[in-house]
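Per-entry structural report
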Amino acid sequence: MYHHLYLDLDVCVPQWMRDNFSKGMYPTLLQRAEFISNACDYVNEEIASYSKTDNKPSVTIVSFSFVNTDLRTAFRSAFPHAKWILVDTTKRMSEKRISAREGHFYKNASQNNVEKDKDRERMGDVMDEDDDNSEWEFKPVDFPHVVLNGSDSVEDNAKRIVDIISHEISL
């Protein structure tokens, strides 16, 4: 039997960033870099803390929306042996799920961002080349990973994850 450690990186999102997300304001590249560094430190610290017990984890599962390429690149660098299992959903489905989550910090971000873009368009405002927020969109994944169908039930995807982990551990 293997032991597992489950980490949700939402706990690493600072309150100011949550507040900004709810207003449709996204972190700059510099702010994201700091978040990424703190999130990687959090994962390493949790693994180290868990490893001090007799139940050293043989599997660590990290949950987060790895939307940006810089976030993915940093995590792949920090955890080069990680097996990536990503849930593929449409933007509409993602927004529906977020809106259904009680108190989720990203809940109003997409609607507020649409309104902000319309305001910019009406005012003839062109995004500055230095506007880091333009990077905050789902980017295609360009490295090997397992794809879970976001239309499948949570239970079906969870079973598939268990099968994948069981196979990896048996190797």
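Bear in mind the structure is a predicted one, so any value in this text is a computation, not a measurement.

1. Some points on the nonpolar core
Counting residues in each nonpolar core, the largest one holds 20 residues, and the members touching the most others are Leu 9, Phe 35 and Phe 75. Elements with a contribution of two residues or more to this core: β1 (4-8), α1 (15-22), α2 (29-51) and α3 (69-78). At 5 residues, α2 tops the list of elements feeding residues into this core. Residues contacting Phe 75, with those up to four places away along its chain left out, are Leu 9, Ile 36, Ala 39, Cys 40, Val 43, Phe 66 and Trp 84.

2. Overview of the packing of aromatic side chains
One pass over the structure, following the stated rule, counts 4 aromatic pairs. Both rings, one in Trp 84 and one in Phe 143, keep their centres 5.1 Å apart while their planes meet at 70 degrees; by these two values the pair is edge-to-face. Taken together, the positions of Trp 84 in the loop between α3 and β3 (85-88) and Phe 143 in the loop between α5 (109-123) and β4 (146-149) put the pair 59 residues apart, joining distant regions of the chain.

3. Regarding α1
Each α-helix turn comprises 3.6 residues. Residues three or four places apart therefore point the same way. Residues of α1 that are buried: Met 17, Asn 20 and Phe 21. Buried positions in α1, seen along its axis, are confined to an arc of 100 degrees and lie on one side of it. Positive phi shows up at Gly 24, right after α1, with a value of about 80 degrees.

4. Some thoughts on the state of the cysteines
In total, this model carries 0 disulfides according to the counting rule given. Cys 12 forms no disulfide, and the closest cysteine sulfur to it belongs to Cys 40, at a distance of 9.3 Å.

5. Examining the side chain of Asn 157
Along the polypeptide, Asn 157 turns up in helix α6 (residues 154-170). Overall, Asn 157 belongs to the buried group, its relative accessible area being 8%. In this structure, Asn 157 is in contact with Leu 148, Asn 149 and Asp 152, ignoring residues within four places of it in sequence.

6. Topic: the pairing of β1
A one-sided burial pattern is seen for β1, the buried positions being Leu 5 and Leu 7 and the unburied ones His 4, Tyr 6 and Asp 8. Pairing geometry for β1 and strand β2 (residues 59-63), over 5 bridges, is parallel. Residue pairing for β2: His 4 is matched across the bridge by Val 59.

7. Section: the confidence of the model for the chain
Across the chain, pLDDT averages 78, with 73% of residues at or above 70. Counting interchain partners and residues more than four positions distant, the pLDDT-below-50 stretch residues 112-134 has 18 contacts.

8. Points about α2
Over its 23 residues, α2 runs 33 Å from end to end, which matches the ideal 33 Å to within 8%, given 1.5 Å per residue. Residues of α2 that are buried: Arg 32, Phe 35, Ile 36, Ala 39, Cys 40 and Val 43. Each element contacted by the buried residues of α2 is listed here: β1, α1, β2 and α3.

9. Describing the pattern of salt bridges
Scanning all chains against the criterion turns up 2 salt bridges. Residues Asp 70 and Arg 32 are paired through a salt bridge, measuring 3.0 Å at the closest nitrogen-oxygen approach. In this pair, Asp 70 sits in helix α3 while Arg 32 sits in helix α2, placing the two residues 38 residues apart along the sequence. Note on Asp 70: relative accessible area 24%, which makes it partly exposed. Accessibility expressed as a relative area gives 5% for Arg 32, which makes it buried. With a shortest N-O distance of 3.3 Å, Lys 83 and Glu 168 are connected by a salt bridge. Taken together, the residues Lys 83 in the loop between α3 and β3 and Glu 168 in helix α6 connect sequence positions 85 residues apart.

Calculation rules
- Residues numbered from 1 in each chain as written.
- Predicted model: local features only at pLDDT ≥ 70, side-chain atom pairs only at ≥ 80, totals over all residues.
- Heavy atoms only, no water.
- Core = buried A, V, L, I, M, F, W, Y, C linked by side-chain atoms within 4.5 Å.
- Buried < 20%, exposed > 50% of the residue type's maximum accessible area, 1.4 Å probe, protein only.
- Helix = DSSP H or I, 4+ residues; strand = E, 2+ residues; numbered from the N terminus.
- Contact = heavy atoms within 4.5 Å.
- Phe/Tyr/Trp six-rings, centres within 6.5 Å; stacked < 30°, edge-to-face > 60°.
- Arc of directions from axis to C-beta.
- Disulfide = S-S within 2.5 Å.
- Pairing = 2+ DSSP bridges.
- pLDDT = per-residue confidence, 0-100.
- Expected span 1.5 Å × (residues − 1).
- Salt bridge = Lys/Arg side-chain N within 4 Å of Asp/Glu carboxyl O.

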